[in-house]
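# Chain and residue survey
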Amino acid sequence: MKEIEALWNEVRDLSLGNSSRVERLESPPTPLEFLRGFVSPNKPCIISNAINHWPALCSWTNHSYLMHVLSSSSVSLHLTPNGRADALVPLDNHELQGASPPSASSFSPETTASSSSLCFTSAHVERMPFPEALSLIFSGGGDCSSNQRFVAYAQQQNDCFRSEYSALADDCDPHVPWASEALGCIPEAVNLWIGNQHSQTSFHKDHYENLYAVVTGEKHFLLLPPSDVHRMYIREYPASHYRYSWDTGEFTLELEKPTRYVPWCSVNPYPSPETKDDEMSKFPLYFNGPEPLQCTVKAGEILYLPSMWFHHVRQSSDERGCTIAVNYWYDMQFDIKYAYFNFLQSLHYRSALKSTSSEDLHEDSDIF
Ligand SMILES: O=C(O)CCC(=O)C(=O)O
């Protein structure tokens, strides 16, 4: 469909200036500059020197400070075998047998994962005292020195900074003042993310305006605008979660009962050498289309990640072996852009870029 491919290019030309780089601002914008230059055109940017006054930039590099301030806090730690939570994981056939078929209303052949051996898997979540959680994040951060059989990531996305981590409130601003004024509200949620270099977040989008501040370490983002929705191959996958046994040190995968289906992006942008050819032939629109924007957000910088942008996130640890970030989710406007996005997503799309995979033949079988 040439028209949709033209849209990808037009969005890049008009809104992003056809640059493969995310625009950088050396100081915080005024609310009006932020609204006109970035929120309204739905365009990301990285802002330096906006959080220099946060005590967190200095005090959170100190492990014992965090242990002390949060000594009596209980936090949620997410455990996975490989650092990938909310990601697609192969499911044994016998595990799938219990899954009820999708209901006719929520499913169509085009959006159902035909390679239904994959499921959408959330982490095993364990509530524990903060000092214990931080030790587990650190002990899994080394490359081969540790025998730990899981990757731990503190990433409870339910406004955890204002609840589980409220003892740290004075170390950061409660909101981003120029963003709050531009958006006309205070954040709906403020989240804290503490991980190591093994944790990744798979491609997805959120219905929030996201102000993402890195405090220690670095975050590496891949970004695609909402108009590239067809390049993400969003399919519905049965929901499951990891269950970790402290006795055996093993993970098992549990399918949710009754079966729940989660629409999720199928593309892994960093396939292993063994799976690369297969992934490239299954997802040609992603691998053969325009490159995603890539950016690294360093300690002391804020990324403005506009609502509905697809993002994939990796991280590099600081010298202690961890990465810490705070993000502010502001409600997005459900306006005409949202309506256009839904319309675009509802269009079935046949790629001019040929795929040889049987999955694509199946998915593209009744397309205009
Ligand atoms: O930092 C991460 O691992 C993911 C961040 C993210 O997906 C978000 O802020 O929406």
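Nothing here was measured: the structure is a model prediction, and the numbers come from that model. (Residues numbered from 1 in each chain as written. Predicted model: local features only at pLDDT ≥ 70, side-chain atom pairs only at ≥ 80, totals over all residues.)

Two faces belong to every sheet, and in a regular strand the side chains alternate between them. Here strand S6 (residues 118-122) runs beside strand S13 (residues 234-244); their pairing, made up of three bridges, is parallel. Residue pairing for S13: Phe120 is matched across the bridge by Ala239. Alignment of S13 against strand S15 (residues 261-265), held across five bridges, turns out to be antiparallel. The partner of Pro238 across the bridge, within S15, is Tyr261. For S13 and strand S14 (residues 251-255), the ladder comprises five bridges, and the chain directions are antiparallel. Its bridge partner being in S14, Tyr242 is matched across the sheet by Leu253. Between the antiparallel neighbours S13 and S14 lie six residues, among them Gly249 with a positive phi of about 70 degrees. (Pairing = 2+ DSSP bridges. Helix = DSSP H or I, 4+ residues; strand = E, 2+ residues; numbered from the N terminus.)

Quick look at the confidence of the model for the protein now. For the protein, the mean per-residue pLDDT works out to 88, and 86% of the residues sit at or above 70. Ignoring residues within four places in sequence, the model shows residues 101-115, a span with pLDDT below 50, making 25 contacts including any to other chains. (pLDDT = per-residue confidence, 0-100. Contact = placed C-beta atoms within 7 Å.)

Another point: the environment of Phe161. With respect to the helices and strands, the residue Phe161 is situated in the loop between strand S8 (151-153) and helix H7 (177-183). What makes Phe161 buried here is the crowd of 21 C-beta atoms within 10 Å. For the pair formed by Phe161 and Val326, sequence separation is 165 residues and the distance between their alpha carbons is 7.8 Å. Apart from residues lying up to four places away in sequence, Phe161 is in contact with Val190, Asn191, Leu192 and Val326. (Buried ≥ 20, exposed ≤ 12 C-beta atoms within 10 Å, placed from the backbone.)

Side chains Ile302 and Tyr304 of strand S17 (residues 302-305) all project onto a buried face; the interleaved residues Leu303 and Leu305 project onto the opposite face, where all are buried too. Judged from the three bridges that link them, strand S2 (residues 45-47) and S17 form a sheet pairing that is antiparallel. Bridge assignment links Ile47 to a residue of S17, and that residue is Ile302. When strand S11 (residues 208-216) meets S17, the two strands line up antiparallel, connected through four bridges. The residue bridging Tyr212 from the neighbouring strand is Leu303, located in S17.

Looking now at the sheet that holds strand S7 (residues 124-129). Reading across the sheet, the three strands line up as S7-S3-S8 and stay open at both edges, with antiparallel pairing between neighbours. The open sheet has two edge strands with one neighbour each: S7 and S8. Going across the sheet, the axis of each strand differs from the next one's by a mean of 35 degrees, ignoring polarity. In terms of strand pairing, strand S3 (residues 74-80) meets S7 through six bridges, oriented antiparallel. Paired with Val75 across the two strands is Met128, which belongs to S7. (Axes fitted to C-alpha atoms, helices over the stretch in contact; angles between N-to-C directions.)

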